[in-house]
Amino acid sequence: MTTTTAPEGGPADASVGPVVVMGISGSGKSTVGAALAQRLGVPFADGDDFHPPANIAKMSAGQALDDDDRAPWLDALASWLAEHGQGCVLSCSALKRVYRDRLRADAPDLALLHLDGPVEVIRERQATRPGHFMPATLLASQVATLEPLAADERGIVLDVSTDVDTIVARAAAALVDQAPLESR
């Protein structure tokens, strides 16, 4: 499981609370999430590492997960968020509102950073990432499943067409400055 811990002495900015970097496969969740956690000095976990072997096998075979497949995975993610609720970053697709609601059940102060952008950009990224179990053939199912943030969800949408440093800077500013996080 890919998790990093905060630097010696604890989180530099624990006031951010739990944060989920969400989006479809290939949007940069893991890269942005790890960089954001490092910048904030809080623990990071990659949601992909919480999938049970059966889920990984199914996705590797080009089969999309259903809600039943995702339930134990979401429970594990929600538990991790609750354990690190004072400040953490988790990368997780969180494609449906019901999935985000499950995470919020254990982490009510959850902030969502939705990485979004042109499908062509994301398709290009998927084609160049080595060794990931999620095949590019499942991109269409992810796009079809994605439910954008609702107006009552605490979060922001960040454009993935820019570089990682810019995305992280915008996310950190919104979180640290306690700027209102609204769905856009």
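Now for a quick tour of the structure. (Residues numbered from 1 in each chain as written. Predicted model: local features only at pLDDT ≥ 70, side-chain atom pairs only at ≥ 80, totals over all residues. Heavy atoms only, no water.)

Counting its regular elements, the chain contains seven helices and six strands. Each helix (α) and strand (β) of the chain, taken in turn from the N terminus, gives the series β-β-α-β-α-α-β-α-β-α-α-β-α. For the chain, with 184 residues in total, the buried portion stands at 45%. By sequence separation, contacts in the chain at least 24 residues apart represent 80% of the contacts at least 6 residues apart. (Helix = DSSP H or I, 4+ residues; strand = E, 2+ residues; numbered from the N terminus. Buried < 20%, exposed > 50% of the residue type's maximum accessible area, 1.4 Å probe, protein only. Contact = heavy atoms within 4.5 Å.)

All right, on to the packing of helix 1 (residues 29-40) against helix 7 (residues 164-176) then. Direction vectors running N to C along helix 1 and helix 7 enclose 50°, while the axes themselves pass 9 Å from each other. Classified by the interaxial angle, the pair formed by helix 1 and helix 7 is oblique. Where helix 1 crosses over helix 7, the two elements pack in a sense that is right-handed. For the pair formed by helix 1 and helix 7, the contact residues are Thr31, Val32, Ala35, Leu36, Arg39 and Leu40 on the first element and Val164, Ile167, Val168, Ala169, Ala171, Ala172, Leu175 and Val176 on the second. By residue class, the composition of the contact of helix 1 with helix 7 is twelve nonpolar, one polar and one charged. (Axes fitted to C-alpha atoms, helices over the stretch in contact; angles between N-to-C directions. Parallel < 35°, antiparallel > 145°, perpendicular 65-115°, else oblique. Left-handed = near helix turned anticlockwise from the far one by under 90°. Nonpolar A, V, L, I, M, F, W, Y, C, P; charged D, E, K, R; others polar.)

Note that Lys29 resides in helix 1. Here Ile24 takes part through its backbone oxygen, which lies 3.0 Å from a polar atom of the side chain of Lys29. In contact with Lys29, other than residues within four places in its own chain, are Val21, Met22, Gly23, Ile24, Ser91, Cys92, Ser93 and Leu115. (Polar contact = N/O pair within 3.5 Å; in protein donor to acceptor, adjacent residues only side chain to side chain.)

Turning to unusual backbone geometry, a few remarks are in order. In this model, Ala94 sits at a positive phi of 45°, which is unusual for a non-glycine residue. Inspection of the secondary structure puts Ala94 in the loop between strand 4 (87-91) and helix 4 (97-106).

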